[in-house]
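Coordinate analysis (summary)
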Amino acid sequence: MDTRRLKLIGLLIVGTVGLFLLISFGRGLVATNNAGFYQIKQAAITGKMTVIDQPGTYMRLFADVHTYQISDMHYFSKSDLDGGKGSESDPIHVRFNDGGTADISGAIKYRLPSDPERRLKIHQDFKSYEAIKHDLIRQTVAEAMMQTATLMKAEESYSTRRSEFTSLVEDQIKNGIYDVTAREIKTADADGNELVDHEVFVKRDAQGQPVIRKSSPLSQYGVEVVSFTIKELDFDATIEALIQKKKEAEQMKVVARANAEKAKQDA
């Protein structure tokens, strides 16, 4: 009885090990690509790389396989919507030309190239999908934001030039970083004292188009920007105080005008 029981236990162990080996062996033989993704397959012996872009199961034959999502969102936000990956999804820090700083939250939706040659090129340069998100998408957005911030004061990005700020960032993400030049602007205060300010302007060609100093990496790799949004500009304490004072001053003006109108009507 004990011998039969030992044999049964032995068969169960052998069967379990065999099942795991079969599953592992099967995974090495075949692989599956899901809809909305494509895979780069590097052959086990020859090292030849091919693009698998059709959904379904195919012969893997122990090849090295890397999976890429065709279209995705990258969030840079305090709410950490990008999966809790720490600094990879933090807001992007910028400094404006008046010295004010801000942490900018938002999102970019992008689509990887459909051309097989470009897909192979982007794999050769970045090696993985996570590297594309951080080293290509995020870095391109961050560089465009930091360059745009030098073109205006912090308060302008909050009020009069908010939509322009977003538009300039998106354009530089798609097309490349602008070439800029600085000029001295001389003004006088209430007492007649001369004030010298420096403003940064975008260089433009004969047709009035911005001069591109550095081409966009996204355009070089054929990555399409589907949408780009800026949700929030979280300014430093000094700029926040200035903005709050301006709000209070505007509110006081509104109240004063309302009181004056009421007095006129009463009279």
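Not measured: the values here are computed from a predicted model. (Residues numbered from 1 in each chain as written. Predicted model: local features only at pLDDT ≥ 70, side-chain atom pairs only at ≥ 80, totals over all residues. Heavy atoms only, no water.)

1. Quick notes on the confidence of the model for the chain
Mean pLDDT over the chain: 82, with 72% of residues reaching 70 or higher. Here residues 80–85 is a poorly scored stretch, pLDDT under 50, and it has 10 contacts once near neighbours within four places are set aside; other chains count. (pLDDT = per-residue confidence, 0-100. Contact = heavy atoms within 4.5 Å.)

2. A closer look at the layout of surface pockets
If you add up the space inside the largest pocket, you get close to 220 Å³. What lines the largest pocket is a set of 14 residues, and nearest its centre among them are Leu151, Arg161, Glu164, Val200 and Phe201. Secondary structure elements with two or more residues in the lining of the largest pocket: helix 5 (162–175) and strand 11 (194–202). Tallying contributions element by element places strand 11 first for the lining of the largest pocket, with 4 residues. Broken down by class, the residue content of the lining of the largest pocket amounts to 6 nonpolar, 1 polar and 7 charged. (1 Å grid on protein atoms, 1.4 Å probe; cavity = no way out; pocket = protein on both sides within 12 Å on 5 of 7 lines; lining within 4 Å. Points joined across faces, edges and corners; volume = space filled by probe spheres on them. Helix = DSSP H or I, 4+ residues; strand = E, 2+ residues; numbered from the N terminus. Nonpolar A, V, L, I, M, F, W, Y, C, P; charged D, E, K, R; others polar.)

3. Section: unusual backbone geometry
We note that Phe62 has phi near 65°; this positive angle belongs to a residue other than glycine. Note on placement: Phe62 falls in the loop between strand 4 (56–59) and strand 5 (64–69). With a relative accessible area of 45%, Phe62 lands in the partly exposed category. Look at Lys127: it is not a glycine, yet its phi comes out positive at around 75°. (Buried < 20%, exposed > 50% of the residue type's maximum accessible area, 1.4 Å probe, protein only.)

4. Concerning the pattern of salt bridges
Scanning the entire structure with this criterion turns up 9 salt bridges. A salt bridge links Lys121 to Asp125; its shortest N-O distance comes to 3.5 Å. One end of the pair is Lys121 and the other is Asp125, both in helix 2 (residues 116–126) and 4 residues apart, which spans about a single turn. The class for Asp125 is partly exposed, based on a relative accessible area of 34%. One connected set of salt bridges, linked through shared partners, spans Glu156, Arg161 and Glu164. (Salt bridge = Lys/Arg side-chain N within 4 Å of Asp/Glu carboxyl O.)

5. A word on helix 2
Restricting attention to buried positions, one finds in helix 2 the residues Arg119, Ile122, His123 and Phe126. Down the axis of helix 2, the buried side of the element spans an arc of 100°, and every buried residue falls inside it. The inward-facing, buried residues of helix 2 abut strand 2 (37–42), strand 3 (49–52), strand 5, helix 3 (129–149) and helix 6 (217–221). Once helix 2 finishes, Lys127 follows within two positions and takes phi at roughly 75°, a positive value. (Arc of directions from axis to C-beta.)

6. Points about empty space enclosed by the protein
Taken as a whole and judged by the stated rule, the model has 2 cavities of 30 Å³ or more. Empty space within the largest cavity amounts to approximately 50 Å³. Lining the largest cavity are Thr140, Glu143, Gln172, Gly176, Ile177, Lys214, Ser215, Ser216 and Pro217. Sorting the residues of the lining of the largest cavity by element identifies helix 3, strand 9 (176–178) and strand 12 (212–215) as the ones contributing at least two each. Partitioning the lining of the largest cavity into residue classes produces 2 nonpolar, 5 polar and 2 charged.

7. Notes on the nonpolar core
One broad rule of soluble globular proteins: the nonpolar side chains tend to lie buried together. Ranked by internal contacts, the top residues of the largest apolar core, which has 45 residues, are Phe96 and Met145. Sort the elements by how many residues they give to this core and helix 3 lands first, with 10 residues. Sequence-distant contacts of Phe96, that is, excluding residues within four places in its chain, are made with Ala102, Ala149, Met152, Lys153, Ala154, Ser157, Phe165, Leu233 and Phe235. (Core = buried A, V, L, I, M, F, W, Y, C linked by side-chain atoms within 4.5 Å.)

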